[in-house]
Amino acid sequence: MRLHGKLTYSSSPDLTPLIDCTFQLVVFFLLTLNFSSAEQSELIRLPSSELAKPTEGALEMPITLQILSSGMVLFAGDQMTPDALQGALRRERDAIRNVLGRNIKNATIVIRADRDVATGVVQKIIRMCQDTDFERFVLRAKWERK
Amino acid sequence: MKIDKGGGDFQKIEINMTPMIDACFQLIIFFMLSLRVFSPEGDFGITMPIASTRPSDISPSSSAVVKIRLAAHPNGNLAGITMGDRKLSSFAQLHNQIREISGLDSGGPAGAGGAEVELDCDYNLKYEYVVDALNAVSGYVANDKQTIIRMIEKIRFGRPRDPPPEENQGAAQEGAKQEAAGEKN
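No experiment lies behind these values; they were computed from the predicted model shown.

Asks: Explain unusual backbone geometry to me, please; I cannot follow it from the model alone.
Replies: Note on backbone geometry: most residues besides glycine have negative phi, and most peptide bonds are trans. Residues and elements named next belong to chain A. Within the chain, Ala-76 stands out as a residue other than glycine whose phi angle is a positive 55°. Among the secondary structure elements, Ala-76 is positioned in the loop between strand E3 (73–75) and strand E4 (78–80). Take Ala-76: its relative accessible area is 61%, and that puts it in the exposed class.

Asks: Honestly, the packing of helix H2 (residues 82–99) of chain A against helix H3 (residues 119–131) of chain A in this entry has me stumped. Any pointers?
Replies: How two helices pack is summed up by the angle between their axes together with the distance between the axes. All names here are of chain A. Where H2 contacts H3, the two axes come as close as 10 Å, and the packing angle between them is 25°. Here H3 runs roughly parallel to H2, going by the angle between their axes. Like other packed secondary-structure pairs, H2 and H3 cross with a definite hand, here right-handed. Of the residues in H3, those touching H2 at Pro-82, Asp-83, Leu-85, Gln-86 and Leu-89 are Val-121, Lys-124, Ile-125, Met-128, Cys-129 and Asp-131. Among the residues making up the contact of H2 with H3, the classes are represented as seven nonpolar, one polar and three charged.

Asks: Would you explain the interface of chain A and chain B in this entry?
Replies: How large an interface is tends to be reported as the accessible area lost when its parts come together. Across the contact, 54 residues belong to chain A and 50 residues belong to chain B. For the pairing of chain A and chain B, the buried interface totals around 4,900 Å² over both sides, and the portion due to carbon and sulfur atoms is 63%. When residues of chain A are sorted by the area they lose upon contact with chain B, Leu51(A), Gln123(A) and Leu139(A) head the list and together hold 16% of the total. Counting across the chain A and chain B interface gives two salt bridges. Among the salt bridges present, the one from Arg112(A) reaches Glu41(B), with a minimum N-O distance of 2.7 Å. Along the contact surface separating chain A from chain B lie 13 residue pairs in polar contact (both at pLDDT 80 or more). Among the elements of the structure, helix H1 (16–32), strand E1 (48–49), strand E5 (108–113), H3 and strand E6 (136–143) of chain A are those that each provide at least two residues to the side of chain A that touches chain B. No other element matches H1(A), which puts nine residues into the side of chain A that touches chain B. Looking at side-chain class alone, the side of chain A that touches chain B contains 28 nonpolar, twelve polar and 14 charged residues.

Asks: Could you clarify how one ought to interpret the pattern of salt bridges in this entry?
Replies: Two side chains bearing opposite charge may form a pair once their charged atoms approach each other closely. Residue and element names in this part refer to chain A. Enumeration according to the criterion identifies 13 salt bridges over all chains in this entry. Among the ionic pairs, Asp-83 bridges to Lys-124, the shortest N-O distance being 3.5 Å. Taken together, the positions of Asp-83 in helix H2 and Lys-124 in helix H3 put the pair 41 residues apart, joining distant regions of the chain. Across the pair Asp-133 and Arg-97 runs a salt bridge, and its minimum N-O distance is 2.9 Å. With Asp-133 in the loop between H3 and E6 and Arg-97 in helix H2, this residue pair connects regions lying 36 residues apart in the sequence.

Rules and cut-offs
- Residues numbered from 1 in each chain as written.
- Chains lettered and ligands numbered in written order.
- Predicted model: local features only at pLDDT ≥ 70, side-chain atom pairs only at ≥ 80, totals over all residues.
- Heavy atoms only, no water.
- Helix = DSSP H or I, 4+ residues; strand = E, 2+ residues; numbered from the N terminus.
- Buried < 20%, exposed > 50% of the residue type's maximum accessible area, 1.4 Å probe, protein only.
- Axes fitted to C-alpha atoms, helices over the stretch in contact; angles between N-to-C directions.
- Parallel < 35°, antiparallel > 145°, perpendicular 65-115°, else oblique.
- Left-handed = near helix turned anticlockwise from the far one by under 90°.
- Contact = heavy atoms within 4.5 Å.
- Nonpolar A, V, L, I, M, F, W, Y, C, P; charged D, E, K, R; others polar.
- Buried area = accessible area lost by both parts, 1.4 Å probe.
- Salt bridge = Lys/Arg side-chain N within 4 Å of Asp/Glu carboxyl O.
- Polar contact = N/O pair within 3.5 Å; in protein donor to acceptor, adjacent residues only side chain to side chain.

What follows is the structure, encoded as structure tokens:
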């Protein structure tokens, strides 16, 4: 009896659909990537409002202060007490004036406060900002249709 | 000279796609891990000129100032709403009052009269009630669910109130704990 040699098959699957899908996914993730996530701490549960629609234009020189329910403040990636914030705000003000050479009155303080934080803490921080010559303030809320 | 008229042997050139697919998958994994979903956020503008930190410096405004007082229980929950001298039962009632003042119901333009609202809040009042008050006074969503009708755009905080005494703060924390336990049950 004659024995046949082992048959070998070479297969080359069509990779085009796979590459198409992969590129679609890459483009989708590129477009949805949020680079401003550093200014949106997940520790903060914002109060909701149906009037707080996202603003169309970007704020001029926004400075985000995030106030946790414990009263601590997240500013520029650091967590600090409201009392320690004063020094950081002064440094920010001096940088805007001396390094950027811009008017401090054009800077906008964006306050992202937790819904359970005491209003007195928020007011204390606003006052601290005023003492550091900041004048423009916006209170941020989560937009939610009711 | 021999001219090649075609019909010769073709040699298929195969590009090795493996490194490109590897790189694409790496990118996908990176983007998937760094993807964070956030709900849309919006802003309420408040007017806080530097002079308003000292009550004696507040110059009398030409427009009418509506003073709204928000009182708090020791645990931070809302105890009462007062507009001027009038006690109100809810933010809906406050909204209706402001709507009357702004003259929108009588056909006036949005934000008519240039009225200004000053919020006077207890120190320990939970911040969410402040946003509820801002919601009630600043406007409403029209029937088309898209357009926002603005009522009052000038909103400011009054003079900050002092924090409650230490013994009250202890009671407030105790009350908050009991409330949290009640919500869990």
